[in-house]
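Observations on chain architecture
Listed here are the chains, written in short residue letters.
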Amino acid sequence: MSPQTGNMQHAFLPQLLLLVLLSLLQAWRGCCHPQCLDYKPPFQPQQPLVFCKEYSKFGCCDLEKDEEISMRFYTIMGNFDHSGYVTCGKYIRSILCQECSPYAAHLYDAEDANTPMRVLPGLCGDYCYNYWHQCRYTLSLLLEDLGSPQQFANLTATIEEDRRKFCDFLELKDKQYCYPNVLTNAELNANLGFVREDPKGCLELCLQEVANGLRNPVAMIHADDGTHRFFVAEQLGYVWVYLANGSRIDRPFLNLTQAVLTSPWAGDERGFLCIALHPRFIHFIIPAPVISEGCVALTVMFCTKYVFFCFFSVHRFTMVRKAYVYYSVSVKKQERIRISEFTLLPHDDNQLDHSSERTILEVVEPASNHNGGQLLFGHDGYLYIFIGDGGRAGDPFGKFGNSQNKSTLLGKVLRVDVENNDDGAPYSIPSDNPFVWEKEARPEIYAYGVRNMWRCSIDRGDPVTGRDRGRMFCGDVGQNKYEEVDLIVKGGNYGWRAKEGFSCYDRKLCQNSSLDDILPIFAYPHKLGKSVTGGYIYRGCQMPNLNGLYIFGDFMSGRLMSLRENFTTGEWQYNEICMGTDQTCRFPKLINSYYKYIISFAEDEAGELYFLATAAPSATARAGVIYKIVDPSRRASPGKCTVKPSPVKIKGKLIHFHPKEEFVINKKPTTTPVPTTTTRKTTTTTKTPQRRKPIIIIKPPMPTRKTIRKATLPPPTTETTRKTTPPPTTTTRKTTLQTTRKTTRKTPPPTTPPIKATTKQTTSATTIKPTTVPTTVLMATTPATSTLTGYRTTIMTAAFSRIAQSPIVTTPPTKRNGRPLHYPTTSQPLAPQPSPSTTSLKRPQLALTSARSPERAGAFTTPRPPYWSQKPTASGYKPQRPSINTTLLKSQEEKLRVGEKLEIAGEGNQVYKRPRGQGRGRSRMRGGRLRAGSVRLVSADGLSDRGRVEIFIRGEWGTVCDDLFTTKAGTVVCRQLGFTTALVVMKRAVLGEADESVKILLDDVECEGGEWSLLECKRSRVGKHNCSHGEDVGVICG
C-alpha cells in the first residue's frame, strides 16, 4: 500500500466513524417510547390528578391510581419529623410519581414483558447523588411496601453508606430517559402524546390482526345491535359472522357461491361485492324526530349514532330483519349487477334465509370491469347504491359517456327507499331526490359523473359535538393519471369523463361551460398508487388522536394514507401512514406489517377502524387478513371505552381465531449475537448451528454499569469465551433465562454453537473479570453507644422493630400492576450471633446491617443534616445487629437491583425469568399405572419446569392445542407436577413441536384453575381438534 493511499484512508476514517456514531445516536434516540407499566400507551385521565399533578394532561395514572400513590406518600412521611419532611418529601414524592410518567415503562425497565423490572424508577446520576447525600436512609421506606422487611433490609443496610452501590441500584445510565432529565428534554417531549411522525411526515401507526384465511374479503359491516359482532363478505360469495371475541361461526351467514359470477383470475372485479343490513335490523326504541317548534332538541347516543328528538315524543320502531347484497351475475350470457334483499331466518340471528331472495334492482354491464360495488344506508334511512360507468377505458359509451348521461344508471350514485316494500314494488323513490322532475332523467339518481367508486362511508360525526355527522366520503378509481376522494352531495356532478381528478380528461367536455362539476377534496397521481380504496373518518373511542382523520388506501401500491380537514380554510391536509418501528409498536398483540393489496376499509360498532387486505388478489386464494388500525402514541383513559357485548345465541360451532403474524413484542432483538463462521479468522472450520424449535426471547441488554478493569485482558478466543469466569464457590444460581448484562467491551460472537439460553448462568456486568469469594465480617451484636437521632432513628427504629417482631420466613413477592417483584436474599443463610437477652433461633437470621463498624456508627461519608439531631425518637428501642456478609457478588447485586414481572393479562406467549420449581413433580399413579389425565413437560433441554404439555389419556401420551389455553389451565398442569403456579403459557409450539406420530388429544381447554386435571376442565372431546402440532401449547412452571 502506497503512502498516499494510507493517508487517504486515515483521512477518511474519522469521517466514517462520525457517520457511524451519528447513525447509532439516531437509532438510540428512537429506541424508547412512551409506555406505561401495563404495557399500554399513556393517556389523559378523565379527571385531573390531585397528587401527581404534573401528569394530569398526559401520563399513566388515573385519579384512583393517583390517590393510591398519595396514600403511600403520606404513610412513608409519617416516619419523619418536620425537618426531615421538608428535606426528603420532594424526593419521595418525585420517585413515587414516576409510575404516572408517560415514560414509566422505560424508567422501570419494563418495556419488555420478558425481562425483570426495576423495583424503583431509574434516576439520573446527579439527582441520585443529591438524594443519597441528603436522604439516603429513606430507601428502606420506599422498598418496604414492595416486599417483606427481610427482603429489603439487607439490601438497604449494605448500600446506604456506599454512594457508588447506592446509585448503581438506582441510577439509569440512559441520560436522556432517566429522571428528571426525561421531563426536561425538549426533543423527547416536543410531540409527546401526539401521533408519531417520521422525518418525512409519515404518521407511524401499528396494526392488530383480527381475522385471517379469507378469500378476497371485500366488505366488513356490523349489525349496530349491541352484540359487537361483524359480518365479513368474501368475493366468492360467502358472508361470515365473527363474534366480539374474534371467533367465527362455522356456518355462513349467506352462501351465494352458486349464483355469483367471478373467477380465480387475479384482479377480476366481478363477484360478491357488498352487503348492508337494514338500519332497524334489531328491535329497539328511539325517540321520534323533532317536527315542531317549541320542541327541545337533545342529543343522545344509541348504538353509536346521534338522534335528535323532542323531549317527550317517543316512537316504537319494529324490527326489520333484512339484508341487502350487491353481486355480479350472469343471466342468459349477459353480465349484470344485481341488488337483492334477503330475510333473516326466524330462529337464527346468524343466518339469512336463502330462499327469501328478492331482486331489488338489476343493471346490465356492458363490460366485465368498473362494477362499482357499494351499498350503504344513510342517516336518512335510504339505501345508497354506487354503480360504475360500465367498464372499458374512458367511458366510451354514447356522446358524453354513461357517467354524464342521466338516462342510464351506470356511473351514478342512486338513492332508493326500501321501507314497507313487502306488499308492493321492491323500492320507491324519495320525494326529494334531485332529478325526480327532470325529463328523461332516472329518478333514482342522487349524484352522477362518477367513474368507479370503490368503498364509501358515512361520517358518524364528532363524538362530543356531533359536527359533520352524515357526510358521505367515496374513493373514485381513476383512469390513467389520478385517483380521487370525493364528498358526495345531492345532485352533484363529479366530472367524469370530462375530468379525472383536478385535470381534464376529455378536453372538449372539460371546456363545456355547462359543466358544473364538484372537485374532489383530494387527488393523487399514479406514482403514489393506481386504484384508490375509500376509507373512513375515525370516530372511535380508543385512539383519541385519530378523531377526525380520514384514513384510506390504494389497492395497487398498498399505500395507507390520511386526510385531515382544516376547519379554517376548508382544505384537507395529506399525510401518508407508515408502519411504526419495532420499538414504536412494542405493545401486546401489535404487528407492524400487512399484505399489500388493500381491498376495503371498515369500522366496528364502537367506531374503531379496520382494513381488509390480501397477499394474492384472487377470489379463491385464502390469503386475506383483517387488520385493526392502532395508534400507539395515546390511548383513551382506562374504563372510558369499555363495552359489554350483548349475548348472541349460536347455532353451530365456533372457530377460534389464531393470529399468524408474529407480534412485535415477541420478535427477537437485533442485538442478540448471531452465530457465524466468518467473523473470526483464528478459528477452524465449524458447522453453522441450526435453529432450534423453541424460540427464546431475550431482551436487549440494559444500559451497563461502569466496570473498572485494572489490567487489559486479551480478547477471548472461541475456546475461552464461556470459560473465563469461574463459578462462585458460595452459591449456585437457579434462575434461568436471565439476560447477561452488556458491558462497555463488546465480545465477538462465538463461532461454535452457543450455550442454550435456557441453561446459561447469569454473571455480573462482565464475564471476564474473575469473581472473588465473598468474605464474612462478624460484628458485635451490642448496639453502638452513639445513638442516632432525628428522622434517621425514627426510620430505622420503625423498620427494625417490624423485622424483629416478624418471623424470618421467605414470603412471596407482592405485585405491582399485575406483575410480581422478585427480591432474592443472600446466597447462604448466616448464623446469628448468640444474644444473652434472647433465646437462640432455630433458623438462621437474615443480615440486617451494613459493612460499617458498629463502634463508628456516627461516622458517615457525608456531613449530617442538622435535623438528624433535632428531635430524638420517642422509642428507646435499639436494634441488635447480627453479623452480615459485606461483600456481595456482582450477580447478587444484579438480583437485588431488579424485580420481576409476569405475563400481560390475556397474553400467553412470552418467556419470563423466574427461579425454577423445587424438583420434579410426580404424575398421579393408580395401582402402579399412570392415571388418565397425568401430564408431563417435554423439553429439548431436559428442564423439569418448562416444556411442551403432554397428557396421558387412553394409554398413550398426546399433546394439547393452545386454543383458549390460559394461565389457569397452565396452573392446573404445574400443580400436578409439584409446582405452585404457571408463570407463562407458551403458544404456537414455542417450547417445542411434537412429532407427527404423537396424537393431538385435547383442544379448546378452558379451566377455572382449581381442577386437578385438564380432563376436568371445559374442553372438546378427546382426540377431536382443529389444529396442528404447530399449535402445541407449552408452559413454564414456578
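Look up a bit, the structure's there.
A short tour of the structure in this document, coming up. (Residues numbered from 1 in each chain as written. Predicted model: local features only at pLDDT ≥ 70, side-chain atom pairs only at ≥ 80, totals over all residues. Heavy atoms only, no water.)

A separate point is the nonpolar core. Within the largest apolar cluster, 68 residues are counted, with the highest numbers of intra-cluster contacts made by Phe253, Phe272, Tyr326, Leu361, Leu375, Ile385 and Phe552. Apart from the residues lying within four places of it in its own chain, the contact partners of leucine 361 are Ile337, Arg338, Ile339, Ile385, Leu409, Leu414 and Tyr427. Judged by nonpolar contacts, the second largest core, of 46 residues, contains Cys52, Cys61, Met77 and Ala104. (Core = buried A, V, L, I, M, F, W, Y, C linked by side-chain atoms within 4.5 Å. Buried < 20%, exposed > 50% of the residue type's maximum accessible area, 1.4 Å probe, protein only. Contact = heavy atoms within 4.5 Å.)

Of all the 5 residues making up strand S42 (residues 982-986), 5 are buried; the element is thus mostly covered by neighbouring parts of the structure. As paired strands, S42 and strand S44 (residues 1034-1037) are joined by 4 bridges and run antiparallel to one another. Opposite methionine 986, over in S44, you have glycine 1034 as the bridge partner. (Helix = DSSP H or I, 4+ residues; strand = E, 2+ residues; numbered from the N terminus. Pairing = 2+ DSSP bridges.)

On to the packing of helix H5 (residues 125-135) against helix H8 (residues 163-170), then. Where H5 contacts H8, the axes come no closer than 10 Å and their chain directions differ by 125°. Between H5 and H8, the angle is such that the two are oblique. Between H5 and H8 lies a crossing whose hand is right-handed. Here H5 contributes Cys128, Tyr129, Tyr131 and Trp132 to the contact with H8, which in turn contributes Arg163, Phe166, Cys167 and Leu170. Classifying every residue of the contact of H5 with H8 by side-chain character gives 7 nonpolar, no polar and 1 charged. (Axes fitted to C-alpha atoms, helices over the stretch in contact; angles between N-to-C directions. Parallel < 35°, antiparallel > 145°, perpendicular 65-115°, else oblique. Left-handed = near helix turned anticlockwise from the far one by under 90°. Nonpolar A, V, L, I, M, F, W, Y, C, P; charged D, E, K, R; others polar.)

What follows is about the packing of helix H3 (residues 82-96) against H5. Axis separation between H3 and H5 bottoms out at 10 Å; the angle between their running directions is 135°. Relative to H5, the element H3 is oriented oblique. Judged by the sense of rotation from one axis to the other, the crossing of H3 with H5 is left-handed. On H5, the residues that touch Thr87, Cys88, Lys90, Tyr91, Ile92, Ser94 and Ile95 of H3 are Tyr127, Asn130, Tyr131, Gln134 and Cys135. Here the residues of the contact of H3 with H5 sort into 7 nonpolar, 4 polar and 1 charged.

Quick look at helix H14 (residues 967-976) now. H14 sits mainly inside the fold: 7 of its 10 residues count as buried. Along H14, the positions that sit buried rather than exposed are Ala969, Gly970, Thr971, Val972, Val973, Cys974 and Gln976. Summarising the contacts, the buried residues of H14 are in contact with strand S39 (935-938), strand S40 (946-953), S42 and S44. Following H14 by one or two positions, glycine 978 adopts a phi angle in the positive range, close to 95°.

Scanning the model with the defined rule gives 32 aromatic pairs in all. Each ring, one from tryptophan 496 and one from tyrosine 505, has its centre 4.8 Å from the other, and the planes form 45°; the classification is tilted. On the basis of relative accessible area, tryptophan 496 is assigned to the buried category, the value being 2%. By relative accessible area, tyrosine 505 is classed as partly exposed at 30%. Taken together through their ring pairs, the aromatic side chains of Phe473, Phe522, Tyr524, Tyr550, Phe552, Trp572 and Tyr574 make up a single cluster. (Phe/Tyr/Trp six-rings, centres within 6.5 Å; stacked < 30°, edge-to-face > 60°.)

A separate point is the sheet that holds strand S1 (residues 203-215). One open sheet accounts for 8 strands, arranged S25-S26-S27-S28-S1-S31-S30-S29; its pairing is mixed. Two strands in the sheet have a free side with no partner beyond their single neighbour: strand S25 (532-537) and strand S29 (597-603). Averaged over all pairs of adjacent strands, the angle between strand axes in this sheet comes to 30°, irrespective of strand direction. Two elements, S25 and strand S26 (residues 549-554), share 4 bridges in a ladder whose sense is antiparallel. Bridge assignment links threonine 533 to a residue of S26, and that residue is glycine 553.

The next subject is the pattern of salt bridges. In this structure the tally under the stated criterion is 40 salt bridges. The residue aspartate 349 makes a salt bridge to arginine 321 at a minimum N-O spacing of 3.0 Å. Here aspartate 349, found in the loop between strand S13 (334-344) and strand S14 (352-364), pairs with arginine 321, found in the loop between strand S11 (314-316) and strand S12 (322-331); they are 28 residues apart in sequence, far enough to count as distant. A residue is classified by how much of its surface remains accessible, and aspartate 349, at 36% relative accessible area, is partly exposed. With a shortest N-O distance of 3.3 Å, arginine 442 and glutamate 444 are connected by a salt bridge. Judged by relative accessible area, which is 29%, arginine 442 ranks as partly exposed. Accessibility expressed as a relative area gives 5% for glutamate 444, which makes it buried. Here the salt bridges share partners, and the residues they tie into one network are Asp459, Arg467, Asp468, Arg471, Arg539 and Glu565. (Salt bridge = Lys/Arg side-chain N within 4 Å of Asp/Glu carboxyl O.)

The next subject is empty space enclosed by the protein. Considering all chains together, one arrives at 9 cavities of 30 Å³ or more under this definition. In this model, the largest cavity occupies a volume close to 590 Å³. For the largest cavity, the lining is made up of 31 residues, of which His222, Leu376, Phe377, Tyr536 and Glu603 are closest to its centre. Sorting the residues of the lining of the largest cavity by element identifies strand S2 (217-222), strand S7 (272-277), strand S15 (374-377), strand S19 (453-458), S25 and S29 as the ones contributing at least two each. Looking at the lining of the largest cavity residue by residue, the classes come out as 17 nonpolar, 9 polar and 5 charged. (1 Å grid on protein atoms, 1.4 Å probe; cavity = no way out; pocket = protein on both sides within 12 Å on 5 of 7 lines; lining within 4 Å. Points joined across faces, edges and corners; volume = space filled by probe spheres on them.)

Everything listed is a geometric property; what it means functionally is a separate question.
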